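Here's the letter readout for the chains.
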Amino acid sequence: MIGLARTAPAELASGETRRRSMLAVLSDYWTLTKPEVNFLVVGSALAGFDVGSRGPLDWTRLAHTLLGTLLVASGTGTLNQFIERHQDARMRRTANRPLPSGRMTPSHALAFGVLLSLAGGLELLLAVNALASALALATLASYLLLYTPLKRVTPLCTLVGAFPGAMPPLIGWAAARGSLAPEAWVLYAVLFLWQFPHFLAIAWMYREDYTRAGLKMLPERDVEQGRFTRREIFAFTLALVPVTLIPAFLGHAGMLYLAGTLALGLGFLAFGAQLAFSRSNALARRLVLASVVYLPLVLALLMIDKIPG
């Protein structure tokens, strides 16, 4: 009896250790999927589906759309980390990710990414439609095969990456209607332009990390002062404001959307203007934070105040 009493705490401790180990493994797989990016991807697909729908929402189709999009986006994020594991190991902000830290083997990450991507593509193909599936898989392919390798070659990678990065609302629209329309491309344009202030501000904040890893996110002549990059951020932010107003001018959204989006746009533009005249990393960080608040609010206003076509 005494022996059994002595082993009980040891067994409990062993069970707790296994539980913590399993949670750590699950956390690493979760990290591979880039959940912070997926929130914006799924939100943009939701907006595309909602605005593209005619009549009452098909909630079942919407659920399949968001699940398939999430799976493909998660697979894309995982495979991106697989491809860039050596670069991530050289950057302070990514060195503790599962692959560069050695907590996960590359083969496991590769298998996980392929599985997620195939599952998402099939989910969209079988439960939604072929166009939505094709757009999602085209996004994955162009992101991994064009944008990712170009980061080691040219600062134009941000421009190239903006094309697949703006796809989520098209996926949602295609899922709702089975086709695309000019209004869908307005949403695409909003996402396309929004990416430049967001990702260029990130590139400016972590310019030393990117340089250490051999990633050419900024022009070489601009790494020190950032004049071109900061002006580029302001220019794209300025271009974004009128583009977001197009749905209201075309009669697809009401006055609430027009007034709200204009106010949000001017506020976002103020953040861009501040950074344009300063090399401050703190201002770049504020712009990034503003961008991840701005986009969901604009899309939410469009869904709330849309005028059915």
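It should be noted that the structure appears before, not after, this text.
Residues numbered from 1 in each chain as written. Predicted model: local features only at pLDDT ≥ 70, side-chain atom pairs only at ≥ 80, totals over all residues. Heavy atoms only, no water.

Right, let's get into the overall build of the protein chain. Within the protein chain, the secondary structure is distributed over 14 helices and zero strands. Ordered by position from N to C terminus, the α and β elements of the protein chain give α-α-α-α-α-α-α-α-α-α-α-α-α-α. Overall, the protein chain is about 80 × 50 × 35 Å in size when its C-alpha atoms are taken along their principal axes. In the protein chain, which comprises 309 residues, the share counted as buried stands at 47%. The long-range share in the protein chain, meaning contacts at least 24 apart out of those at least 6 apart in sequence, stands at 73%. Total accessible area computed for the protein chain in this model is approximately 15100 Å², and 69% of it derives from carbon and sulfur atoms. Positive and negative side-chain charges in the protein chain, numbering 27 and 17 respectively, have mean positions lying 5 Å apart. (Helix = DSSP H or I, 4+ residues; strand = E, 2+ residues; numbered from the N terminus. Buried < 20%, exposed > 50% of the residue type's maximum accessible area, 1.4 Å probe, protein only. Contact = heavy atoms within 4.5 Å. Areas by Shrake-Rupley, 256 points an atom, 1.4 Å probe, with all protein chains shown as cover. Lys, Arg positive; Asp, Glu negative; His and termini not counted. Charge placed at Lys NZ, Arg CZ, Asp CG, Glu CD.)

To continue, consider unusual backbone geometry. Non-glycine residue Lys-34 carries a positive phi angle of around 55°. Considering the arrangement of structural elements, one finds Lys-34 in the loop between helix 1 (2-32) and helix 2 (35-52).

With that out of the way, let us pick up the packing of helix 11 (residues 227-244) against helix 13 (residues 255-276). Between helix 11 and helix 13, the shortest axis-to-axis distance is 9 Å and the interhelical angle comes to 175°. By the angle class used here, helix 11 and helix 13 are roughly antiparallel. On the side of helix 11, the interface is formed by Arg-230, Ile-233, Phe-234, Thr-237, Leu-238, Leu-240, Val-241 and Thr-244, while helix 13 contributes Tyr-257, Thr-261, Leu-262, Gly-265, Phe-268, Leu-269, Gly-272, Ala-273, Leu-275 and Ala-276. Class assignment of the residues belonging to the contact of helix 11 with helix 13 gives a composition of twelve nonpolar, five polar and one charged. (Axes fitted to C-alpha atoms, helices over the stretch in contact; angles between N-to-C directions. Parallel < 35°, antiparallel > 145°, perpendicular 65-115°, else oblique. Nonpolar A, V, L, I, M, F, W, Y, C, P; charged D, E, K, R; others polar.)

Moving on, we get to the pattern of salt bridges. Any two side chains of opposite charge can pair if their charged atoms end up close together. Tallying each qualifying case throughout the model produces six salt bridges. For Lys-216, the salt bridge goes to Glu-220, with nearest N and O atoms at 3.7 Å. Accessibility expressed as a relative area gives 30% for Lys-216, which makes it partly exposed. (Salt bridge = Lys/Arg side-chain N within 4 Å of Asp/Glu carboxyl O.)

Time to look at the packing of helix 3 (residues 59-83) against helix 6 (residues 130-150). It is the contact of helix 3 with helix 6, at a shortest axis distance of 10 Å, that shows an interaxial angle of 15°. As far as their axial angle goes, helix 6 and helix 3 are roughly parallel. Relative to helix 6, the crossing made by helix 3 is right-handed. Residues Val-72, Thr-76, Leu-79, Asn-80 and Ile-83 of helix 3 form the contact with helix 6, whose participating residues are Ala-136, Leu-140, Tyr-143, Leu-144 and Thr-148. A class-by-class count of the residues in the contact of helix 3 with helix 6 yields seven nonpolar, three polar and no charged. (Left-handed = near helix turned anticlockwise from the far one by under 90°.)

Attention now goes to a nonpolar patch on the surface. Together, Met-22, Leu-23, Val-25 and Leu-26 make up an exposed nonpolar region whose accessible area comes to about 360 Å². Positionally, Met-22 belongs in helix 1. (Patch = residues over 30% accessible without salt bridge, like charges linked within 9 Å, V, L, I, M, F, W, Y side chains within 5 Å.)

Moving on: the side chain of Thr-78. Residue position: Thr-78 is located in helix 3. Leaving out residues up to four positions away in the same chain, Thr-78 has contacts with Leu-32, Thr-33, Ala-109, Phe-112, Gly-113 and Leu-116.

So, on to the environment of Met-104. By the secondary structure assignment, Met-104 is in the loop between helix 4 (85-89) and helix 5 (106-127). Using a relative accessible area of 8% as the deciding quantity, one classes Met-104 as buried. Ignoring any residue separated from it by four or fewer positions in sequence, one finds Met-104 in contact with Asp-28, Tyr-29, Leu-32, Pro-98, Leu-99 and Ala-109.

Once that is clear, we can look at the environment of Pro-182. Here Pro-182 is to be found in helix 9 (residues 182-205). For Pro-182 and Arg-230, which are 48 residues apart along the polypeptide, the C-alpha to C-alpha distance reads 31 Å.

This next bit is on the environment of Ala-248. Relative to the elements of secondary structure, Ala-248 occurs in helix 12 (residues 246-249). Judged by its relative accessible area of 16%, Ala-248 is buried. For Ala-248 and Leu-258, which are ten residues apart along the polypeptide, the C-alpha to C-alpha distance reads 5.8 Å. Not counting the four nearest positions on each side in its chain, Ala-248 is found in contact with Ala-253, Gly-254, Tyr-257 and Leu-258.

On to the packing of aromatic side chains. Tallied over the full model, the rule gives eight aromatic pairs. One aromatic cluster is present, formed by Phe-163, Trp-185, Tyr-188, Phe-192, Phe-196 and Phe-236 through successive ring pairs. For the cation-ring pair, Arg-93 lies above Tyr-206, with the distance from its terminal atom to the ring centre recorded as 4.5 Å. (Phe/Tyr/Trp six-rings, centres within 6.5 Å; stacked < 30°, edge-to-face > 60°. Lys NZ or Arg CZ within 6 Å of the ring centre and 35° of its normal.)

What follows deals with helix 2. Here helix 2 contains 18 residues, and its C-alpha end-to-end distance of 25 Å stays within 8% of the 26 Å for a straight helix at 1.5 Å per residue. Every buried residue of helix 2 is listed here: Asn-38, Leu-40, Val-41, Ser-44, Ala-45, Ala-47, Gly-48, Phe-49, Asp-50, Val-51 and Gly-52. (Expected span 1.5 Å × (residues − 1).)

Positionally, Ser-133 belongs in helix 6. In this structure the side chain of Ser-133 is engaged in a polar contact, spanning 2.9 Å, whose partner is the backbone oxygen of Gly-121. Leaving out residues up to four positions away in the same chain, Ser-133 has contacts with Gly-121, Leu-124 and Leu-125. (Polar contact = N/O pair within 3.5 Å; in protein donor to acceptor, adjacent residues only side chain to side chain.)

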